[in-house]
Amino acid sequence: MQSHSLDVDIHIVLNDICFGAAHADDLFPFFLRHAKQIFPVLDCKDDLRKISDLRIPPNWYPDARAMQRKIIFHSGPTNSGKTYHAIQKYFSAKSGVYCGPPKLLAHEIFEKSNAAGVPCDLVTGEERVTVQPNGKQASHVSCTVEMCSVTTPYEVAVIDEIQMIRDPARGWAWTRALLGLCAEEVHLCGEPAAIDLVMELMYTTGEEVEVRDYKRLTPISVLDHALESLDNLRPGDCIVCFSKNDIYSVSRQIEIRGLESAVIYGSLPPGTKLAQAKKFNDPNDPCKILVATDAIGMGLNLSIRRIIFYSLIKPSINEKGERELEPITTSQALQIAGRAGRFSSRFKEGEVTTMNHEDLSLLKEILKRPVDPIRAAGLHPTAEQIEMFAYHLPDATLSNLIDIFVDFSQVDGQYFVCNMDDFKFSAELIQHIPLSLRVRYVFCTAPINKKQPFVCSSLLQFARQYSRNEPLTFAWLRRYIKWPLLPPKNIKDLMDLEAVHDVLDLYLWLSYRFMDMFPDASLIRDLQKELDGIIQDGVHNITKLIKMSETHKLLNLEGFPSGSQSRLSGTLKSQARRTRGTKALGSKATEPPSPDAGELSLASRLVQQGLLTPDMLKQLEKEWMTQQTEH
């Protein structure tokens, strides 16, 4: 009652309450007025619910709903010929669109189509290639799934790897293609696990689905023995790792044994991946071993005799955006294992095993389990929906708008809202830069690796230049990346070059959205090809780079960094994780190691398995002693 900051009308109500002439409930209108000032959402809740209503997504694509499409699902495992049959229909059509997940697959179909005498354009986030001399669009186009047009009419559309409709981050792109492509025939290629969901979704559009089943063309067998030691490698072997540290460690161990290996992992440029694949596939090349991540699962043709899982634990991001360390899923295991013994390769029969014997029973169990049917398809808010949200909440940041949108969104049981963490990360990164909402939205949808500080700072720098209306020219970008770049001398240099390649990708991606501000795409592409060559040379000499890194202590492969998946501590770490993974899979608990195994020290066992040499052991001992002294 003594306050001077309260409004007069509140004073009067409080006074009345004190003298029994009013009830405490009479304060509620004042509380509500205050709440609406603090939470503007309350004032327009009904409007926001309508805007974020994501039920009935088929209605978002009136052009596709105006035609009666024929849906054909080519279902089967890897190397069953399902995509081949769909592509034959694509080639024979008067017009067609192919939608694939990685750039490499889009490139492969683009090249095959033109080689078969079917003029075909290429459209990816970072690249547009038209084959007609007059620059006119060809009747066929091969694109990454995010880039497909849902307004252009086609005779045949092919959507590859349809099971990725469940992907927590990218699933929305497959949903959009499935519901929105304007094609007389839509051919879907993928795992049987997606059939039921596709049929449910097509039931809501009134379109029937024809399912064609395919069997694997070549046999594949799971061996009864693990590799145990890298001494047992044979030509045509591929060791699959789930971390870069493991890739480096295994490559180094192979080189110590006098063998040559090719290396493929996700962050390598497409040109380098293809060069490494060609090197491994060439029967006249001394390189007979491949060390790779699960990046080999899609988009590369490889002649692999035997797949060896170095580990069965793969880091993943769940629907909530949390990092998890879990055994690979049956779907992932089948996708990777299926790369062995392909119909078009030198090896007509494939084999699969693990590096460590204790992982083999878990692998067999994973491969025997039925693949869980896919329950829901991903959705993603559009720029228009976010703009309408911003109209009602003009003071909210883009990151907050996304949070509010997800909270208010309503979806049918067959759909889910994709994880928006990467989008929000970019939104928060460039929040302080003055940009229009539409431009800000486009910058936030740019695909970047948020683990790469240089790539993140480049997105920030590009947005800053854009806001100042200063075009990002070829000369400016050369200065920014400090071109010319030197060949890598160690692994850190190689990773820095990979980050620069990603920055050039980001420039090219933005150049197709803001041509005036990113005017030198063709010059940047030439620069990127040159950089790809430098990276290829670096990867070709990767074991030398690893050696240099070890010498200068830039890379500690023999150490045990926290959070790493290094298999040099394989026996203990694998047992702990395997036990947890086995429980999750509902199998019997693992048996304890035999007494004989227990008598050997960890160091002795690692030496025995060929994972450590006596010299490396001495070096480890020295480093450990030094660290203890420093502590």
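See the structure above.
The structure reproduced in this document is the subject of the present report. (Residues numbered from 1 in each chain as written. Predicted model: local features only at pLDDT ≥ 70, side-chain atom pairs only at ≥ 80, totals over all residues. Heavy atoms only, no water.)

**Here's the deal with the nonpolar core**
One recurring pattern in soluble globular proteins is that nonpolar side chains are buried together. To keep it simple, the criterion reads: We define the nonpolar core as a collection of buried residues of types Ala, Val, Leu, Ile, Met, Phe, Trp, Tyr and Cys that are connected through side-chain atoms lying within 4.5 Å of one another. Buried means the residue's accessible area, taken with a 1.4 Å probe over protein chains only, is under 20% of the maximum for its type, while exposed means over 50%, and partly exposed covers the values in between. Counting from the N terminus, the helices are DSSP H or I runs at least four residues long and the strands are E runs at least two residues long. Only heavy atoms matter for contacts: two residues are in contact if any of them lie within 4.5 Å across the pair.
Residues Phe443, Phe462 and Phe518 are the most contacted members of the largest nonpolar core, which totals 126 residues. Here this core takes 12 residues from helix H19 (residues 491–511), the largest share from any one element. Apart from residues no more than four positions distant in its own chain, Phe462 is found in contact with Phe443, Leu472, Trp476, Leu477, Tyr480, Val503, Leu506, Tyr507, Leu510 and Phe518.

**Looking at the sheet that holds strand S7 (residues 182–190)**
Rules: Only strands that DSSP links by at least two bridges are regarded as paired with each other. Interaxial angles span 0 to 180 degrees and are taken between N-to-C directions of axes, which are lines fitted to C-alpha atoms, for helices over the stretch in contact.
Read from one edge to the other, the open sheet built from 8 strands follows the order S4-S3-S5-S2-S6-S7-S1-S8, with strand pairing classed as mixed. Strand pairing shows two members of the sheet lacking a second neighbour, strand S4 (127–129) and strand S8 (209–213), which therefore form its edges. Pairwise comparison of adjacent strand axes, ignoring direction, gives a mean angle of 15 degrees for this sheet. Of the strand pairs in this sheet, strand S1 (residues 70–75) and S7 are connected by 6 bridges, and their pairing is parallel. Bridge assignment links Phe73 to a residue of S7, and that residue is Leu188. The sheet contacts of helix H6 (residues 103–115) involve strand S2 (96–100), strand S3 (120–124), S4 and strand S5 (140–144), and relative to S3 the element is tilted by about 170 degrees.

**Side note on a nonpolar patch on the surface**
Applied cut-off: Only residues whose relative accessible area exceeds 30% and that take part in no salt bridge are eligible for patches, with like-charged residues grouped when within 9 Å of each other and nonpolar side chains (Val, Leu, Ile, Met, Phe, Trp, Tyr) grouped when within 5 Å. The accessible surface values rely on the Shrake-Rupley method and a 1.4 Å probe; as for residues, cover is taken only from the protein chains in view. Think of a salt bridge as a Lys or Arg side-chain nitrogen and an Asp or Glu carboxyl oxygen that are within 4 Å of each other.
On the surface, a cluster of nonpolar side chains totalling about 300 Å² of accessible area is made up of Phe28, Phe31 and Leu32. Residue position: Phe31 is located in helix H2 (residues 28–38).

**A short note on the packing of aromatic side chains**
So the rule is basically this: Between rings of Phe, Tyr and Trp, where Trp is taken as its six-membered ring, a pair exists when centres lie within 6.5 Å; planes separated by under 30 degrees are stacked, by over 60 edge-to-face, and by other angles tilted. Remark: a charge is flagged as sitting over a ring if the NZ atom of Lys or the CZ atom of Arg is within 6 Å of the ring centre and within 35 degrees of the ring normal.
Scanning all chains against the criterion turns up 15 aromatic pairs. Between Phe28 and Phe31, the aromatic rings sit 6.1 Å apart at their centres with planes inclined by 40 degrees, giving tilted as the arrangement. Residue Phe28 and its partner Phe31 are located together in helix H2, separated by 3 residues, close to a single helical turn. Note on Tyr90 and Phe91: the rings are 5.9 Å apart at their centroids and 50 degrees apart in plane angle, and the pair reads as tilted. Grouping residues by exposure puts Tyr90 and Phe91 together as buried. Taken together through their ring pairs, the aromatic side chains of Phe454, Phe462, Trp476, Tyr480, Tyr507 and Phe518 make up a single cluster. Over the aromatic face of Tyr512 sits the side chain of Arg128, whose NZ or CZ is 4.2 Å from the ring centroid. Directly above the ring of Trp509 sits Arg513, whose terminal nitrogen or CZ lies 3.7 Å from the centroid.

Just distances and angles here, no functional claims.
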